[in-house]
Amino acid sequence: DAGITQSPRHKVTETGTPVTLRCHQTENHRYMYWYRQDPGHGLRLIHYSYGVKDTDKGEVSDGYSVSRSKTEDFLLTLESATSSQTSVYFCAISESGDRIAKNIQYFGAGTRLSVL
Amino acid sequence: SQQGEEDPQALSIQEGENATMNCSYKTSINNLQWYRQNSGRGLVHLILIRSNEREKHSGRLRVTLDTSKKSSSLLITASRAADTASYFCATDSTSGSRLTFGEGTQLTVNP
């Protein structure tokens, strides 16, 4: 999985609790992304980062926040988890450089989150 | 809304047969990619085709792109049981660093 580690791999939590998912890369890639994958929806972008402390929203960002204080780490936080956030979460990275390099993404193994 | 939509949603074939999956998208693109996802794993990049290319090959993979119809197809020749996976097309955005994924085609190759 291309030097990308997601933790935890599985988590069960209760509605209303905060949850933080971590993505760690060893590739020194500039761009990092958080997606969620749900049946019938494919992969949807939550937030992404184009550098340290530089982040932007994706198409399903409500209820999520992110932080990137180091190149290698990108954190996804659910401030108050809801059952609708039960999903599989994937982190991805891509290089800087030309458009082609930026477009090719490398994915982590995913985190399966259940909010009860 | 999803930029890319794959067709069919599911495909079941016998080993040795060819598998064809289609992707349609809505807006202009710079390039289109195909990814594979094995069960319980992350996506893996397979192939990228630029908007000014019409066909590209990589091993047993053949990708075509028709920008006039806003569609692409992925052909896997001489399929193997190990090709069983979900296949996703992804298109870029004008910013160039964000991708939009379709919902995927679940391919099952029966031994």
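Summary of the structure given here. Everything numeric here is computed off the predicted structure, so don't read it as measured data.

Remarks on the pairing of strand S4 (residues 31-37) of chain B
Residue and element names in this part refer to chain B. Where burial is concerned, most of S4 is hidden: six out of the seven residues are buried. Here S4 pairs with strand S5 (residues 43-50) via seven bridges, running antiparallel. Pairing of Arg36 across the sheet is with Val44, part of S5. Here S4 hands over to S5 after five residues, with Gly40 in that stretch at a positive phi of 75 degrees. In terms of strand pairing, S4 meets strand S9 (residues 85-92) through six bridges, oriented antiparallel. In the strand pairing of S9, Trp34 is matched with Cys89.

Brief notes about the interface of chain B and chain A
Between chain B and chain A, the residue contacts involve 26 residues of the former and 26 residues of the latter. Roughly 2000 Å² of surface becomes buried between chain B and chain A when both sides are summed, with 48% attributable to carbon and sulfur atoms. For the pair chain B and chain A, the number of links is zero salt bridges. Where chain B meets chain A, there are five residue pairs in polar contact (both at pLDDT 80 or more). Mapped by element, the contributors of at least two residues to the side of chain B that touches chain A are S4, S5, S9 and strand S10 (99-101) of chain B. Partitioned by chemical class, the residues of the side of chain B that touches chain A number six nonpolar, 15 polar and five charged.

Here is what the cut-offs are and how they apply
- Once a new chain begins, its residue numbering starts again from 1 and follows that chain's sequence as written.
- Chain letters start at A and ligand numbers start at 1, both assigned in the order the entries are written.
- Thresholds applied to this predicted model are a pLDDT of at least 70 for local features of residues and 80 or more for the giving and counting of side-chain atom pairs; totals over whole chains, interfaces and linings are not thresholded and use all residues.
- Remark: hydrogens and water are excluded; side-chain values derive from all non-hydrogen atoms of the structure.
- Only protein chains enter the accessibility calculation, which uses a 1.4 Å probe; a residue is then buried when its area is under 20% of its type maximum, exposed when over 50%, and partly exposed in between.
- Per the convention used, a helix needs a DSSP run of H or I reaching at least four residues, while a strand needs a run of E reaching at least two, with both numbered from the N terminus.
- Being paired, for any two strands, means DSSP has found at least two bridges between them.
- The contact criterion used is simple: two residues touch if any of their non-hydrogen atoms lie within 4.5 Å.
- When two parts are put together, the accessible area they lose, computed with a 1.4 Å probe and summed over both, is reported as buried area.
- The salt bridge criterion pairs a side-chain nitrogen of Lys or Arg with a carboxyl oxygen of Asp or Glu, the two atoms within 4 Å.
- Between N or O atoms, a polar contact is any pair within 3.5 Å; within protein, one atom must be a potential hydrogen donor and the other a potential acceptor, and residues adjacent in sequence are included only when both atoms are from side chains.
- Amino acids are sorted into nonpolar (Ala, Val, Leu, Ile, Met, Phe, Trp, Tyr, Cys and Pro), charged (Asp, Glu, Lys and Arg) and polar (every other residue, Gly among them).

Any functional reading would require information beyond the geometric quantities listed.
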